[in-house]
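# Coordinate analysis (summary)
Single-letter residue listing:
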Amino acid sequence: MGDNTVVMVTGGTGLVGSAIKYVVENGEDPGETWVFLSSKDADLSDVHQTRAIFEKVRPTHVIHLAAIVGGLFKNLKYNLDFFRKNISINDNVLAMSHEFRVKKVVSCLSTCIFPDKTTYPIDETMIHNGPPHNSNFGYSYAKRMIDVLNKGYNQSYGSMFTAVIPTNVFGPDDNFNLEDGHVIPGLMNKAYCAKRDGTDFTIWGSGAPLRQFIYSHDLARLMIWVMREYKEIDPIILSVGEEDEVSIKDAAMSVLKAFDFKGNVVFDTTKSDGQFKKTASNKKLRQYLPEFQFTPFHQAIQETVDWFNANYATARK
Ligand code: NAP
Ligand code: GDP
């Protein structure tokens, strides 16, 4: 990479895209040009619009984030839409990356696409070993096909298309909508309202499930490293260690501490718990980057809560 590098980020306005933008704009200038796309620049589920944006930007590198994304409850409702839209977006972006001779593509999978019945910790070799959890089969199979496309483009054309596998992401610019978003932004929105209105704070489900969370700014730093340095077609899990897995209840307590919430906490066990855990190994990442420092969980929660309080009026919710 260098002076003639044009990195196009699809989904550049979302949670992960805005974190990459933040890190690029606040880091050293390596002489690369970065272009961050929203769905307003092109609907990437439409091949003609996808070709037109590649024609306009002429990227040498692509970070492909654009997707229909949601937490457990949105996935449960829209499996078909998640499958069809994401399959189209991924096929179009990789086909145009091939057509426009893009040197490298880094796409985004997720640890929630792994087999439901598995051994732990899960690692990069297990993606296709069995059916995903029933709650999000549409999203999971669409994401798994990115790995198939990456291997296929490499086999047929020698393309350098690869993917990262993050765990549950949170940070500024997340989707704080209660029905559609992930657990951390959902808990933050609920804590904000409970504190403002003097009402109870409700954790959905039992609070027992376990998750490894990654701060979007840490994920952004790692994805930029993958774009510049990682040379494998096989994907790489980007996660904190297994010892940093937390329960939903503990994550909620960290959110409440950041809000200095003193009211009642209740559980709504009529709501689904989803998958109990998806414990992932970051051994491969640690072999490459033994010294990488993740932001401590509570500090990342506090920074996100501070951002949400300061941007409540305009945040996605
Ligand atoms: P997000 O905040 O919902 O952002 C989604 C982005 O995709 C937005 O920029 C959106 O554009 C764009 N987009 C959606 N549909 C599009 C379309 N038809 N054409 C063009 N652009 C479209 O999502 P995120 O959390 O940043 O996720 C980014 C990537 O990380 C996704 O591939 C996701 O699967 C993966 N991931 C996320 C998590 C997580 O916990 N959030 C975990 C693992 C993996 P607009 O802003 O214009 O709508
Ligand atoms: P997942 O990690 O892919 O399962 O998706 P989420 O980020 O939506 O996390 C779902 C887990 O958090 C389940 O165990 C839910 O029962 C629990 N949870 C607790 N409160 C909330 C909330 O307010 N929103 C969401 N999305 N999940 C919640």
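Residues numbered from 1 in each chain as written. Chains lettered and ligands numbered in written order. Predicted model: local features only at pLDDT ≥ 70, side-chain atom pairs only at ≥ 80, totals over all residues. Heavy atoms only, no water.

Here is the rule we go by: UniProt positions are given in the numbering used here, feature names are shortened, and annotations may be inferred rather than shown by experiment.
The name given to the protein in an unreviewed UniProt entry is GDP-L-fucose synthase, with the source organism recorded as Dreissena polymorpha. In its Function (unreviewed entry) section, the UniProt entry covering the protein states "Catalyzes the two-step NADP-dependent conversion of GDP-4-dehydro-6-deoxy-D-mannose to GDP-fucose, involving an epimerase and a reductase reaction." Quoted straight from UniProt, the Sequence similarities (unreviewed entry) entry for the protein says "Belongs to the NAD(P)-dependent epimerase/dehydratase family. Fucose synthase subfamily."

## Considering the packing of helix H6 (residues 183–197) against helix H8 (residues 248–259)
A pair of packed helices is characterised by two quantities: the angle between their axes and the separation of those axes. Going by this rule: Angles here are taken between N-to-C directions and fall from 0 to 180 degrees, while the axes themselves are lines fitted to C-alpha atoms, restricted in helices to the stretch in contact. Helix and strand labels come from DSSP, where a helix needs a run of H or I of at least four residues and a strand needs a run of E of at least two; each type is numbered from the N terminus. Under this scheme an angle from 65 to 115 degrees is roughly perpendicular, one under 35 degrees roughly parallel, and one over 145 degrees roughly antiparallel; angles in between are oblique. The hand of a helix crossing depends on one turn: near helix anticlockwise from the far one by less than a right angle means left-handed, and clockwise means right-handed. Whether two residues touch is decided by their heavy atoms; if any such pair falls within 4.5 Å, the residues are in contact. Three classes are used: nonpolar for Ala, Val, Leu, Ile, Met, Phe, Trp, Tyr, Cys and Pro, charged for Asp, Glu, Lys and Arg, and polar for all others, with Gly counted as polar.
Following both chains from N to C, one finds H6 and H8 inclined at 45°, their axes separated by 10 Å at the closest point. Between H6 and H8, the angle falls in the class oblique. Considering how the two elements wind past one another, H6 and H8 form a crossing that is right-handed. Here Val-183, Ile-184, Leu-187, Met-188, Ala-191, Tyr-192 and Lys-195 of H6 lie close against H8, whose contacting residues are Ile-248, Ala-251, Ala-252, Val-255, Leu-256 and Phe-259. Within the contact of H6 with H8, the residues separate by chemical class into 12 nonpolar, no polar and 1 charged.

## Notes on H8
For clarity, the threshold we go by: Residue count minus one, scaled by 1.5 Å, sets the expected span of a helix. Remark: exposure states derive from per-residue accessible area (1.4 Å probe, protein chains only) relative to the maximum for the residue type, with buried under 20%, exposed over 50%, and partly exposed in between.
The terminal C-alpha atoms of H8, which comprises 12 residues, lie 17 Å apart, in line with the 16 Å expected from a rise of 1.5 Å per residue. All buried positions along H8 are accounted for by Ile-248, Ala-251, Ala-252, Ser-254, Val-255, Leu-256, Ala-258 and Phe-259. Remark: Asp-260 follows H8 within two positions and exhibits a positive phi of approximately 55°.

## Section: the site of ligand 1
Cut-off, in case you're wondering: Nearness is judged by heavy atoms alone; a residue qualifies as near a molecule or strand once a single heavy atom is within 4 Å of it. Whenever two N or O atoms come within 3.5 Å, that pair is a polar contact, provided that in protein one can donate a hydrogen and the other can accept it, and provided that, for residues adjacent in sequence, both atoms are side-chain atoms. Computed with the Shrake-Rupley method and a 1.4 Å probe, the accessible areas treat only the protein chains shown as cover for residues.
Neighbouring ligand 1 are 27 residues, the closest being Thr-13, Ser-39, Tyr-139, Lys-143 and Arg-316. Here an oxygen atom of ligand 1 sits 2.6 Å away from a polar atom, N or O, in the side chain of Ser-39. Interatomic distance of 2.8 Å between a side-chain N/O atom of Lys-143 and an oxygen atom of ligand 1. Within the complex, the protein chains bury 88% of what would otherwise be the 900 Å² of accessible surface of ligand 1.

## A closer look at unusual backbone geometry
Each neighbour pair has its own omega, and for Tyr-120 with Pro-121 the value is 0°, a cis peptide bond. In this structure, Pro-121 sits in the loop between strand E4 (104–108) and helix H5 (137–157). Unusually for a residue other than glycine, Arg-58 sits at a positive phi of about 50°. Relative to the helices and strands, Arg-58 is located in the loop between helix H2 (47–57) and strand E3 (61–64).

## Describing the packing of aromatic side chains
So the rule is basically this: By convention, a stacked pair of Phe, Tyr or Trp rings (six-membered ring in the case of Trp) has centres within 6.5 Å and planes under 30 degrees apart, an edge-to-face pair has planes over 60 apart, and any other such pair is tilted. Any Lys NZ or Arg CZ found within 6 Å of a ring centre and within 35 degrees of that ring's normal is scored as a charge over the ring.
Evaluated as defined, the whole model comprises 20 aromatic pairs. Members of the aromatic cluster, each reached through a chain of ring pairs, are Phe-176, Tyr-192, Trp-307, Phe-308 and Tyr-312. Above the face of the Phe-73 ring, Lys-271 is positioned so that its terminal group lies 5.6 Å from the ring centre. Between Lys-271 and the ring centre of Trp-204, over which it is positioned, the NZ or CZ distance is 4.2 Å.

## Thoughts on the pattern of salt bridges
Defined as follows: When a carboxyl oxygen of Asp or Glu is within 4 Å of a side-chain nitrogen of Lys or Arg, the pair counts as a salt bridge.
Considering all chains together, one arrives at 10 salt bridges under this definition. A salt bridge links Lys-151 to Asp-234; the nearest nitrogen and oxygen atoms lie 3.3 Å apart. Taken together, the positions of Lys-151 in helix H5 and Asp-234 in the loop between helix H7 (216–229) and strand E10 (236–238) put the pair 83 residues apart, joining distant regions of the chain. With a shortest N-O distance of 2.8 Å, Arg-221 and Asp-218 are connected by a salt bridge. Here Asp-218 and Arg-221 lie together in helix H7, a separation of 3 residues that amounts to about one turn. The exposure class of Asp-218 is buried, given its relative accessible area of 2%.

## A word on the pairing of strand E1 (residues 6–10)
Operational definition: The pairing criterion for strands is at least two bridges between them, as found by DSSP. Here the term right-handed applies to a crossover when the path leading from its first strand over the helix to its second strand runs clockwise, the strands being oriented away from the viewer.
Taking burial as the measure, the 5 residues of E1 include 5 buried ones, the bulk of the element. Across 4 bridges, E1 lies against strand E2 (residues 33–36) in parallel orientation. When the sheet's bridge partners are listed, Val-9 is paired in E2 with Phe-36. Crossover connection from E1 via helix H1 (residues 15–26) to parallel E2: handedness right-handed. Pairing of E1 with E3 involves 4 bridges; the strand directions are parallel. From the neighbouring strand, Val-7 faces E3, where its bridge partner is His-61.

## Topic: the site of ligand 2
In the region of ligand 2, 18 residues are neighbours, and Leu-72, Lys-190, Arg-211, Ser-272 and Asp-273 sit closest. The contact in question runs from an oxygen atom of ligand 2 to an N or O atom on the backbone of Leu-72, over 2.9 Å. Measuring from an oxygen atom of ligand 2, one finds a side-chain N or O atom of Lys-190 at 2.7 Å. Burial of ligand 2 by the protein amounts to 96% of the accessible area it has alone, namely 550 Å². At the level of elements, helix H3 (72–77) and H6 are the ones that each hand at least two residues to the shell around ligand 2.

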